[in-house]
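Read off the chains here:
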Amino acid sequence: MASYYDIGDILTDEEFVPVVFHKAANGVIIDPSSETNSVEQGAKVELQLWLAQELHWRQAVSINVPPCFNQRTRLEIQADAACVDLRSRCPYFYEFGCKILPLVGDKTVEFLLLSAFKIRYKEILTKAYTAAYMATSKVPTLLTREETNLYEAAQSSMSAFKIWRMGGPRLQRASVLGRKRKSID
Amino acid sequence: MHGRKAYQLVKEFASGEKGQLKPFNRELFGRVLEECNEHHGALQSLIRKMQEEGLDVQTARNADHYGALIHHLSLTRNKRCLMAYMYNRAEIIRVLAWKVGLLHELPEEIQEKLSDSEEEYFKDHAKTLKSYMSQMGLDVNVDMVPPKDPYIKVRVLEDVGGGIILSDKSANFARHSMHFLKRTDAEQYIARGLMEELTS
């Protein structure tokens, strides 16, 4: 249960997926289009992943491919994976995709994730190492959370290397205290 | 929609800078707890309805069962979000206690961000660390790399007051004054941002 407290995992589980209900459910306000407090059999609803996953394992719903893996995204990734704005589609693109794989009947999502990641990973690393010498590029705004972590790790390792080479103060103000506000006097 | 308030709480925590605390959101926390009670109430009424109809609660799979299931899942989801919120905040507080809290009080702006139980947690954790270190006879809070020179040059950034007793002398730390201190003494002041190391 190492991921129970993990914030990234919780936020990934909150992404919406389209489901179709196989069984009816009473007393819940999930379907915004129904007038009563219930969901009918065959209703199409958008649910969060945590709910959809559990209901799927109990055979109450079936899950369809979410909109962020649709045809348009696939074509864009095939054209040029490095420039696709994955963050606006889904900030947890890869984790979300990995969780959906066993639930949805579509086998091509796997290849999509892998090919997108391979191309973007190379871009991320080159940009992270060279960004110090150029103006910051547009790349960081297009990255998912996972890719942003990689990017920041690469940048921090680069700056640590520079500090080691040139020397610098060893003892620092504890970062946990936050940024200091300069007093006006 | 179920679990949205809990999601807001977690998202608020995640949106802050890494390693920084935001003020404890008592209001949202309380609302999530209320939502949990509502789910619990709805769950119980659905189960009672099934029992009145004479169905076996364990095995019957009618619409009420699935409704009760959804309420139960929302309850566990809310619980997970609340627990993760507390857990991750506690982690940051532990780091605070380690870096800053061993000898002195927390700065005011951080103290008002903590809830009451978090303040107690901080104090207890700092106390435990102190007793551990005194039992071992070692100060494990200093820099792990042995320095080339046991003395370093520092400049005082904020007024600390006079007559502070250090390990080998007593000094008066006026603002902008420079001193030649032992590394272990200076470290606690540097970590709290009251001095800075001069490397030139």
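What you see is a predicted model; the values in this text were computed from it and never measured.

Procedures and definitions
In every chain, residue numbers begin from 1 and rise along the written sequence. Here chains are named by letter from A upward and ligands by number from 1 upward, in the order in which they appear as written. With pLDDT at 70 or above as the cut-off, local features in this predicted model cover only qualifying residues; side-chain atom pairs require 80 or more to be listed or tallied, and sums for whole chains, interfaces and linings still use all residues. Computation of side-chain values covers all heavy atoms of the structure but excludes hydrogens and water. Helix and strand assignments come from DSSP, with helices taken as H or I runs of at least 4 residues and strands as E runs of at least 2, each series counted from the N terminus. Partly exposed describes any residue whose relative accessible area lies between the buried limit of under 20% and the exposed limit of over 50%, with all areas from a 1.4 Å probe on protein chains only and scaled to the type maximum. Between two residues, a contact is recorded if the distance between any of their heavy atoms is within 4.5 Å. Within this analysis, patches are made of residues with over 30% relative accessible area and no salt bridge. Like charges are joined at 9 Å or less; nonpolar side chains (Val, Leu, Ile, Met, Phe, Trp, Tyr) at 5 Å or less. Here the Shrake-Rupley method, with its probe set to 1.4 Å, supplies the accessible areas, and only the displayed protein chains count as covering residues. Think of a salt bridge as a Lys or Arg side-chain nitrogen and an Asp or Glu carboxyl oxygen that are within 4 Å of each other. The term buried area refers to how much accessible surface (probe radius 1.4 Å) is lost by two components on association, counted for both of them together. Within 3.5 Å is the distance limit for a polar contact, defined as a pair of N or O atoms, with the added protein rule that one can donate a hydrogen and the other accept it, and that residues adjacent in sequence qualify only through two side-chain atoms. For this classification, the nonpolar set comprises Ala, Val, Leu, Ile, Met, Phe, Trp, Tyr, Cys and Pro, the charged set comprises Asp, Glu, Lys and Arg, and every other residue, Gly included, is treated as polar. Domain borders in the structure are assigned automatically or taken from a domain database.

Undergrad: Where do I start with the side chain of R77 of chain B in this structure?
TA: By secondary structure assignment, the location of R77 of chain B is in helix α3 (residues 63-99). Exposure remark for R77 of chain B: the relative accessible area of 4% places this residue in the buried category. When sequence neighbours within four positions are dropped, the list of residues in contact with R77 of chain B reads I10, D13, E14 and W50 of chain A.

Undergrad: Would you explain a nonpolar patch on the surface in this entry?
TA: All names here are of chain B. On the surface, W98, Y132, M136, L138 and V140 cluster together to form a nonpolar patch covering roughly 460 Å² of accessible area. If you trace the backbone, M136 turns up in helix α5 (residues 116-136). Under the relative-accessibility criterion, M136 is labelled partly exposed at 39%.

Undergrad: Please clarify how the interface of chain B and chain A should be interpreted in this entry.
TA: In many analyses, interface size is given as the accessible surface area lost on bringing the parts together. Contact with chain B, which involves 53 residues of that partner, is made by 43 residues of chain A. Carbon and sulfur atoms make up 63% of the surface buried where chain B meets chain A, a total of about 4200 Å² over both sides. Taken as a group, Y66, R77 and R80 of chain B account for 17% of the area that chain B buries against chain A, more than any other trio of residues on that side. Seen at the junction of chain B and chain A, the total is 4 salt bridges. Linking chain B to chain A there are 10 residue pairs in polar contact (both at pLDDT 80 or more). Mapped onto the side of chain B that touches chain A, the elements with two or more residues apiece are α1 (4-15), α2 (26-52), α3, α4 (108-111) and α6 (183-191) of chain B. The element contributing the most residues to the side of chain B that touches chain A is α3 of chain B, with 21 residues. Residues that form the side of chain B that touches chain A fall into these classes: 26 nonpolar, 10 polar and 17 charged.

Undergrad: Explanation requested: the environment of V57 of chain B in the structure shown.
TA: Residue and element names in this part refer to chain B. Here V57 lies in the loop between α2 and α3. For V57, a relative accessible area of 23% translates into the label partly exposed. Spatially, the C-alpha atoms of V57 and S117 are 40 Å apart, while their sequence positions differ by 60 residues. Ignoring anything within four residues of it in the chain, the contact list for V57 reads I47, M50 and Q51.

Undergrad: How do you make sense of unusual backbone geometry when you look at a structure like this?
TA: Leaving glycine out, the prevailing phi sign among residues is negative, and the prevailing peptide bond configuration is trans. Residues and elements named next belong to chain A. Even without glycine at this site, Q59 takes up a positive phi of about 55°. Tracing the backbone shows Q59 in the loop between α2 (49-57) and β5 (61-63). Its relative accessible area of 58% is what places Q59 among the exposed residues.

Undergrad: Explain the domain arrangement of chain A here, please?
TA: Residue and element names in this part refer to chain A. Segmentation of chain A into domains returns domain 1 (13-64) and domain 2 (65-165). The C-alpha centroid of domain 2 is placed 30 Å from the C-alpha centroid of domain 1. Domain 1 puts 11 residues into the contact, and the matching count from domain 2 is 11 residues. Carbon and sulfur atoms make up 67% of the area that domain 1 and domain 2 hide from each other, which totals about 880 Å². Summed over the shared surface of domain 1 and domain 2, the number is 1 salt bridge.

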